[in-house]
Amino acid sequence: MIPISHLLTLSAILFAIGVGGVILRRNAIIVFMCVELMLNAVNLAFVSFSYAMNSMTGIMFVFFVLVVAAAEAVVGLAIMLQIFRGKGTLNIDEINLMKW
Amino acid sequence: MLIAFYVMGLMCVIGALALIVVPNPVYCALSLVGTLFTLAGIFILLNQEFVAAIQILIYAGAIMVLFLFVIMLLNLRTDEAFHIRWTLPKAVGAVVATGILAQLVSVFSSPAARLGPMGEYPVERLAKDGAVQIVGDLLFTRYVLPFEVISVLLMVAVMGAVVLAKRPAEGPAGEAPAAKAPEHK
């Protein structure tokens, strides 16, 4: 039996690394991947709670989070494609207008 | 089992750190794939083989391939100047991330934190009925409304992506200037 505090600590470490990546990196796609990492950290927390509490609710939430992550990735990458066509860069310091 | 968890957790954290440290976006995506695979391994340790399979199929298989496609389509080289210069915003960012980590860990490991009442799906029942059957039962009984709503969300996302990624046919930013260019010559 893995202690749930260790699982949740791993989840917190992954989440904090994701936050750090979102703040530190400048490439929009890498920022996006850091968001995916944060979603995965939350998934790990859901599965850990399910494991510790003999419940399936967390598992169902994991599926819904997965679908939302897939939808987010699809739409976000399409937006980035358009931004790259319009501006020729994905540096988020230079993408500061909603319209150009 | 605990040792396997620590090994996988360490690999997971190393992959995540590589994601935010490595300059090349392709290597970043590959390190994230490694992190997702080790997370799937941790899910197997937690008796959730189905979630692990879904994790590998959808996350490591589909979503990350999409990311890699876009990275290679846009031909993003190491054009971002990512040298960790400790300017003030980056230092603030690191402090914020460390603060979030400290707060989460202090909550998770505090003696006041308790779990609620136990659920009705112990490991024995998972092994007897099978996790896939339990998930399917729940998905079409108790969670049928979220299931239907999320299918609509998925369809809207696909249509939105198609509309967004389409090149404008006659628009000013599409092929129109390129098509007009030979006429001037």
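Values in this document were obtained by computation on a predicted structure and should not be read as measured data.

1. Side note on the interface of chain A and chain B
- Taken together, the 58 residues of chain A in the interface contact 70 residues of chain B.
- Elements with a minimum of two residues in the side of chain A that touches chain B: helix 1 (4-24), helix 2 (28-53) and helix 3 (57-87) of chain A.
- At 21 residues, helix 3 of chain A tops the list of elements feeding residues into the side of chain A that touches chain B.
- Its residues placed into classes, the side of chain A that touches chain B shows 42 nonpolar, twelve polar and four charged.

2. With respect to the environment of B:Leu10
- Residue position: B:Leu10 is located in helix 1 (residues 2-21).
- On the basis of neighbour counts, which here come to 12 C-beta atoms within 10 Å, the residue B:Leu10 falls in the exposed class.

3. Regarding unusual backbone geometry
- Positive phi is not limited to glycine here, since A:Asn54 has a value of about 55°.
- Of note in the backbone geometry, B:Asn47 takes a positive phi value of approximately 65° without being a glycine.
- Assignment of secondary structure puts B:Asn47 in the loop between helix 2 (25-45) and helix 3 (49-73).

4. Considerations on the confidence of the model for chain B
Residues and elements named next belong to chain B.
- Summing up the model confidence of chain B, the mean pLDDT is 83 and the portion of residues at 70 or higher is 85%.
- Averaged over each element, pLDDT in chain B is lowest for helix 8 (residues 176-184) (42) and highest for helix 2 (93).
- Throughout residues 174-185 the model reports pLDDT below 50, and contacts reaching past four residues in sequence, or to other chains, amount to six contacts.
- Here the predicted complex carries an ipTM of 0.91, next to a pTM of 0.86.

5. Brief notes about the nonpolar core
- Residues A:Leu14, A:Ile29, A:Met33, A:Leu37, A:Leu44 and A:Val47 are the most contacted members of the largest nonpolar core, which totals 65 residues.
- Of all elements in the fold, only helix 1, helix 2 and helix 3 of chain A together with helix 1, helix 2, helix 3 and helix 7 (144-165) of chain B reach the threshold of two or more residues within this core.
- Broken down by element, the residue count for this core peaks at 16 residues, all from helix 2 of chain A.

Conventions adopted
Residues numbered from 1 in each chain as written. Chains lettered and ligands numbered in written order. Predicted model: local features only at pLDDT ≥ 70, side-chain atom pairs only at ≥ 80, totals over all residues. Contact = placed C-beta atoms within 7 Å. Helix = DSSP H or I, 4+ residues; strand = E, 2+ residues; numbered from the N terminus. Nonpolar A, V, L, I, M, F, W, Y, C, P; charged D, E, K, R; others polar. Buried ≥ 20, exposed ≤ 12 C-beta atoms within 10 Å, placed from the backbone. pLDDT = per-residue confidence, 0-100. Core = buried A, V, L, I, M, F, W, Y, C linked by C-beta atoms within 7 Å.

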